Amino acid sequence: MHHSGGYTVKFRLLGAVAADGADGELRLGPEKRRSLLALLLLRRNRAVSVAQLTEALWVDEPPANARTVVQSHISRLRALLAEAGAGRHGVGLTTAGDAYTLCLPEGLLDVEQFDALVAAARTEQRSTEVVGALEHALGLWRGPALTGTVPSAPLEAWRQTLEENRLAAVETLADHLQRLGEPARAAELLRAETVAHPLRESLVSALMLALFRAGRQSDAITWYHRTRESLADRLGVDPGRALNAAYERILRGEGAAAAGTDHAAGPADTAGPAAAPVGVPGIPVQRGRLRPAAPAPAVPAPAPVLSSATPPAKAPDRAAAELPAVDLLPRPPRGFYGRGTELAALGDALSTGPDGAIALVTGPAGVGKTALALDWAHRHGHRFPDGVLFADLGGFSDRPDRELGDVLAEFLAALGTAHEDLPPTLAGRAALYRRATTGRRLLVLVDNARESEQVRPLLPAGADSAALVTSRHRMLGLVASELARPVPLSVLGPEESSALLARVLGPARIAAEPEAARELADLCDGLPLALRIAAAKAAADPRRGLAAVTEQLRHEQRRLNHLAAEEISVTSALRISCEQLPPTAARLFRALGLHPGPMVDAYTAAALADLEHPDAAQALERLAATHLVTETDAEQYTLHDLVWLYARQLAAETSRAEQRTARARLADQYLYAGLAAAQCAEPGSKPCCEPPAGSHRPRTVPEFTAIGDALHWLGAHRETLAEVIATATPERTWRLVLTQWPLILRRVRDGWVPQLQLALEAAVEAGDLDGESQVRALLGWVLVSNRRLHEAAACLAPAAELAARADNQVGRAIALINLAAVHSELADHAAAGAGLAQALEIALAADHPHTTALALLNLARHHLGTGRPRPALDHALHGLALSTGTHSDPRRVLLHTTAGEALSALGRHPEARARLGAALAEAEQVGHDEATAEVLRALARAEDAAGHGHAAAAHRLRADLLSPV
């Protein structure tokens with residue numbers, strides 16, 4: 001250090017480019033000055049030529065006065081540093097010939113501090129120190145590096161390099177957290193990064209192993225399949241070796257790491273390298289598996305480095321070529337940011353082959369399709385020396401579509417056809433256009449097309465030409481007949497949204513109110529059109545903070561009204577998309593505004609809009625083709641927040657009576673579907689209820705053929721069903737809650753109490769004794785399982801009598817069984833035994849094998865717990881003989897387990913081991929992790945009793961891996 005005390009100037013590049021002096025942040029000024037300072041800092045203490053600075057300050061060709069502009073910014077920077085007294089501490093900006101050098105002592109740049117901390121972590125011997133150093137290093141980051149700079153090739157290369165180094169540090173930190181026995185913390189860290197970089201396979205591999213070590217094997221496997229599908233859909237590749245290796249280790253159960261208080265640092269225990277070669281930002285290169293690449297893009301990819309003191313390679317000069325003969329492109333989009341993956345996909349799609357190339361950019365209104373296409377065309381137009389043609393067909397605006405004949409006339413005139421030589425008919429002009437484009441190398445950009453028929457006459461005939469089409473529709477005809485390559489465009493992620501706001505407002509506004517900026521980006525749902533409008537409102541009045549704009553948008557009812565600027569608005573963009581829908585799809589979209597959640601399927605859609613199932617499915621497909629809904633799974637769709645708000649506005653315009661009727665149809669749809677799911681999930685059980693008087697049977701109800709499918713449906717619809725229940729009539733409320741009983745029993749500690757209490761209130765209000773009895777029985781059992789014993793006793797006490805008054809003997813027996821469980825937990829074994837004996841007697845009299853087996857199971861557990869293994873074994877075997885015969889019933893697992901434990905207590909160890917082995921096989925077949933863990937613990941106790949300590953330890957280890965962390 002050359003400074004001798006006091007506060008010196010410090011510089012920040014890991015986030016918004018900034019400089020801090022003794023009196024606060026320096027006013028660096030416009031984007032180009034920040035960009036110039038950033039490059040000088042990145043190449044600190046080395047000469048940077050005017051030519052290099054010029055290359056960094058302009059994306060396209062620099063103006064004639066570029067040198068003067070650079071010198072002006074240099075002068076202003078010198079003045080700023082002098083005003084801050086930087087020279088007293090060794091900071092200076094010197095000139096040497098045609099170059100400038102920023103002299104910077106050590107320790108004044110956050111990038112340098114980050115590199116030093118990462119290097120220090122690399123030399124540490126213990127994971128505790130490594131974690132401390134890396135957490136300090138990552139704490140220096142305040143957002144995407146170099147925010148607020150020009151997106152030029154050199155700075156984009158640096159930005160990518162810095163981000164790669166950050167991700168490598170994140171992966172190393174996560175590895176050492178796991179060495180310290182904190183896999184859940186590592187998984188939380190990795191998940192956030194994986195969401196932002198979903199195709200970075202080293203991140204996904206590390207996340208999978210962390211989740212597995214945290215006991216979340218199913219989540220880990222889900223991430224593998226999600227990434228595999230994304231790689232196939234977006235890049236057309238298979239998972240790499242690191243991802244496959246992690247998946248195989250998890251399947252073999254080899255990913256577990258021992259926990260401890262500290263560990264020596266060593267090679268990372270991951271399925272692959274921490275850092276992969278960089279291609280598209282955030283996407284590792286998949287060597288040998290990509291299709292042939294397009295010519296080098298304007299933004300080069302730097303090689304990965306571990307220290308940002310090493311500069312990235314200089315971008316190659318643009319190939320010298322003649323200016324295009326034709327250029328009809330509008331100006332490049334201002335403030336365009338990100339979209340690296342989609343730009344790379346366009347480059348791949350537009351690599352011309354034997355028949356030319358066609359790329360089709362699709363996405364919802366306001367997502368930035370035109371901006372993406374124009375940005376790519378401006379970057380790569382020089383690859384098409386015969387020209388670039390552009391036409392906006394106006395397919396999604398208030399004005400009429402452009403006539404194809406007029407567009408062809410414009411294209412032909414640009415290609416040199418005299419006006420008097422234009423054929424009068426569309427067919428004649430199309431034929432002349434084909435001849436005029438044959439043998440040429442053209443790029444044709446067709447914007448806002450609605451139908452494939454609009455596009456076909458405009459496609460160039462040359463084999464070396466390419467066409468770039470944008471549309472809100474999927475245009476499957478163009479994909480099928482013309483081999484167009486789809487490039488779907490979705491909303492921006494949180495980082496990209498914040499960066500787009502910074503491009504419009506400047507990094508200082510964002511840095512001043514970071515929380516408001518993040519909330520503003522979230523309220524705009526990642527939609528670029530909404531983000532630009534919100535930013536424009538904030539920019540129009542600099543005195544009004546971002547928090548004021550955010551406050552306006554926070555109110556859902558008025559949010560769309562505020563997302564408007566003169567003739568541009570989110571509402572108008574969505575309105576035009578809806579106006580072009582056929583009647584059935586338009587009717588369904590309006591009805592979706594009454595759906596209580598953004599997830600919908602064809603069954604619930606049919607109920608809301610009063611449609612037949614096939615018509616609803618077809619209408620949903622049409623909405624998906626127009627990008628008003630997004631298909632997330634087979635027949636599962638979601639609406640983005642702003643689209644859902646617009647649908648709710650449309651639904652609010654219908655009468656109150658229509659809204660009530662639609663909501664009642666939806667509640668009945670869920671009621672009938674829930675009853676079917678419960679019956680499939682628990683074969684042989686008695687239906688929990690009959691639909692209430694006045695309900696309407698839906699036209700179509702989902703069919704469930706497997707227990708797993710029924711349980712999956714109940715789990716997938718739980719959140720939406722909770723919203724339906726909240727607005728249902730009392731007669732429907734308690735029934736809708738009870739239909740979830742198979743899921744409740746399997747996830748008994750999963751927060752069901754408030755909803756069951758709501759069901760109890762509804763049953764009491766409706767005056768339904770049977771409903772009240774059943775809800776009390778189920779709620780009581782949940783309270784028992786959650787160790788709320790006195791509440792459970794109070795809840796269950798009247799349940800059996802209520803069931804008897806309702807003449808529901810099965811419900812009466814179940815209520816007694818559950819009350820006996822409370823007595824057992826409270827050590828009142830006499831009351832527990834008496835209640836279970838009465839329940840068995842009632843179940844036998846009702847001739848209901850399912851409930852009889854349940855009573856026998858609980859009696860067997862009671863006898864086993866009170867030291868009577870012989871009657872426990874008899875009751876368990878009797879229960880197995882009465883069971884329904886299916887091997888997917890959790891009660892059979894418990895009966896086998898109880899029989900095995902009784903045999904072990906009787907000293908019949910080989911029989912006990914065989915019986916518990918049968919229980920384990922059935923538990924694994926059911927797929928119930930908690931039940932499997934309980935069987936494994938019973939096996940461990942049995943092996944201990946038999947004197948087999950090693951086998952017991954192995955069973956306990958497996959049980960611990962299955963238990964929730």
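Residues numbered from 1 in each chain as written. Predicted model: local features only at pLDDT ≥ 70, side-chain atom pairs only at ≥ 80, totals over all residues. Heavy atoms only, no water.

Attention shifts here to the overall build of the protein chain. A count of helical and extended segments in the protein chain gives 44 helices and 16 strands. When the 965 residues of the protein chain are sorted by exposure, 52% land in the buried category. Across the protein chain, every contact between residues at least 6 apart in sequence was considered, and the portion connecting residues at least 24 apart equals 69%. By element, 53% of the accessible surface of the protein chain is carried by carbon and sulfur atoms, the whole surface being about 41500 Å². (Helix = DSSP H or I, 4+ residues; strand = E, 2+ residues; numbered from the N terminus. Buried < 20%, exposed > 50% of the residue type's maximum accessible area, 1.4 Å probe, protein only. Contact = heavy atoms within 4.5 Å. Areas by Shrake-Rupley, 256 points an atom, 1.4 Å probe, with all protein chains shown as cover.)

Predicted confidence across the protein chain gives a mean pLDDT of 81, with 87% of residues reaching 70 or more. Here residues 257-261 is modelled with pLDDT under 50, and outside its nearest four sequence neighbours on either side it reaches 10 contacts, counting other chains as well. Every residue in residues 266-324 is under pLDDT 50, and counting partners more than four places away or in other chains gives 134 contacts. (pLDDT = per-residue confidence, 0-100.)

A few words on the nonpolar core. A general tendency of soluble globular proteins is for nonpolar side chains to be buried together. Grouped together as the largest cluster of nonpolar side chains are 141 residues, with contacts concentrated most on Leu 468, Val 570, Leu 588, Phe 589, Leu 623, Leu 639 and Leu 736. Core analysis: the next-biggest nonpolar cluster, separate from the first, contains 83 residues, Phe 11, Ala 19, Leu 42 and Val 131 among them. (Core = buried A, V, L, I, M, F, W, Y, C linked by side-chain atoms within 4.5 Å.)

This next bit is on the pairing of strand E10 (residues 466-471). Among the six residues of E10, six are classified as buried, and the element is accordingly described as predominantly covered. Where burial is concerned, the two faces of E10 agree: the one with Ala 466, Leu 468 and Thr 470 and the one with Ala 467, Val 469 and Ser 471 are both buried. In terms of strand pairing, strand E7 (residues 357-362) meets E10 through six bridges, oriented parallel. Residue Ala 359 lies in a different strand from E10, and its bridge partner there is Leu 468. The pairing of strand E9 (residues 443-447) with E10 spans four bridges and is parallel. Along E10, the bridge assignment pairs Val 446 with Val 469. (Pairing = 2+ DSSP bridges.)

With that settled, the discussion passes to the sheet that holds strand E6 (residues 99-103). Spatial strand order, E4-E6-E5: three strands in an open sheet with antiparallel pairing. With partners counted over all chains shown, the strands left at the sheet margins are strand E4 (47-49) and strand E5 (92-96), one partner each. Within the sheet, the average angular offset between the axes of one strand and its neighbour, ignoring direction, is 30°. Seen against the sheet, helix H1 (residues 31-42) touches E4, E5 and E6 and runs at an angle of roughly 70° to E6. (Axes fitted to C-alpha atoms, helices over the stretch in contact; angles between N-to-C directions.)

This brings us to the packing of helix H23 (residues 570-579) against helix H27 (residues 641-652). Running from amino to carboxyl end, H23 crosses H27 at an angle of 70°, the nearest separation of the two axes being 11 Å. Here H23 is positioned roughly perpendicular relative to H27, judged by the angle of their axes. Along this stretch, H23 crosses H27, giving a crossing that reads as right-handed. The segment H23 lies against H27, with Thr 571, Leu 574, Arg 575 and Cys 578 engaging Leu 642, Val 643 and Tyr 646. (Parallel < 35°, antiparallel > 145°, perpendicular 65-115°, else oblique. Left-handed = near helix turned anticlockwise from the far one by under 90°.)

Turning to the packing of helix H24 (residues 583-592) against helix H26 (residues 613-625), a few remarks are in order. Two elements in contact, H24 and H26, have axes separated by 9 Å at closest approach and are oriented at 85°. By the angle class used here, H24 and H26 are roughly perpendicular. Contact with H24, carried on its side by Thr 584, Ala 585, Leu 588, Phe 589 and Leu 592, involves Asp 615, Ala 616, Ala 619, Leu 620, Arg 622 and Leu 623 of H26 and no other residues of that element. Partitioning the contact of H24 with H26 into residue classes produces eight nonpolar, one polar and two charged. (Nonpolar A, V, L, I, M, F, W, Y, C, P; charged D, E, K, R; others polar.)

All right, on to the pattern of salt bridges then. Taken as a whole and judged by the stated rule, the model has 37 salt bridges. Residue Arg 179 is joined to Asp 175 by a salt bridge in which the shortest nitrogen-to-oxygen separation is 2.8 Å. Of this pair, Arg 179 and Asp 175 both sit in helix H6 (residues 153-179), four residues apart, roughly one helical turn. The exposure class of Arg 179 is buried, given its relative accessible area of 15%. Classification of Asp 175 by relative accessible area gives buried; the value is 3%. Between Asp 668 and Arg 732 there is a salt bridge, with the nearest N and O atoms lying 2.7 Å from each other. With a gap of 64 residues between them, Asp 668 in helix H28 (residues 656-681) and Arg 732 in helix H31 (residues 730-738) connect regions that are remote in the sequence. A residue is classified by how much of its surface remains accessible, and Arg 732, at 13% relative accessible area, is buried. One salt-bridge network, in which partners are shared between bridges, spans Arg 12, Asp 20 and Glu 25. (Salt bridge = Lys/Arg side-chain N within 4 Å of Asp/Glu carboxyl O.)

Summarising the element assignment, Thr 227 is placed in helix H9 (residues 217-235). On the basis of relative accessible area, Thr 227 is assigned to the buried category, the value being 2%. Among the polar contacts listed, one links the side chain of Thr 227 to the backbone oxygen of Trp 223, at a separation of 2.8 Å. Not counting residues within four places of it along the chain, the set of residues in contact with Thr 227 comprises Pro 198, Val 204 and Leu 243. (Polar contact = N/O pair within 3.5 Å; in protein donor to acceptor, adjacent residues only side chain to side chain.)

A positive phi is found at Met 475, a non-glycine position, where the angle reads about 50°. Classification of Met 475 as buried rests on a relative accessible area of 6%. Located in the positive-phi region is Arg 787, a residue other than glycine, with phi close to 65°. Structurally, Arg 787 is set in the loop between helix H34 (769-785) and helix H35 (789-796). Since its relative accessible area comes to 53%, Arg 787 is described here as exposed.

Before going further, it helps to examine the environment of Gly 395. If you trace the backbone, Gly 395 turns up in the loop between strand E8 (388-392) and helix H13 (404-414). It is 9.5 Å that separates the C-alpha atoms of Gly 395 and Ser 577, two residues lying 182 residues apart in sequence.

Now for the environment of Gly 29. Note that Gly 29 resides in the loop between strand E3 (24-25) and H1. A sequence separation of 44 residues divides Gly 29 from His 73, and the C-alpha atoms of the two residues are 9.4 Å apart.

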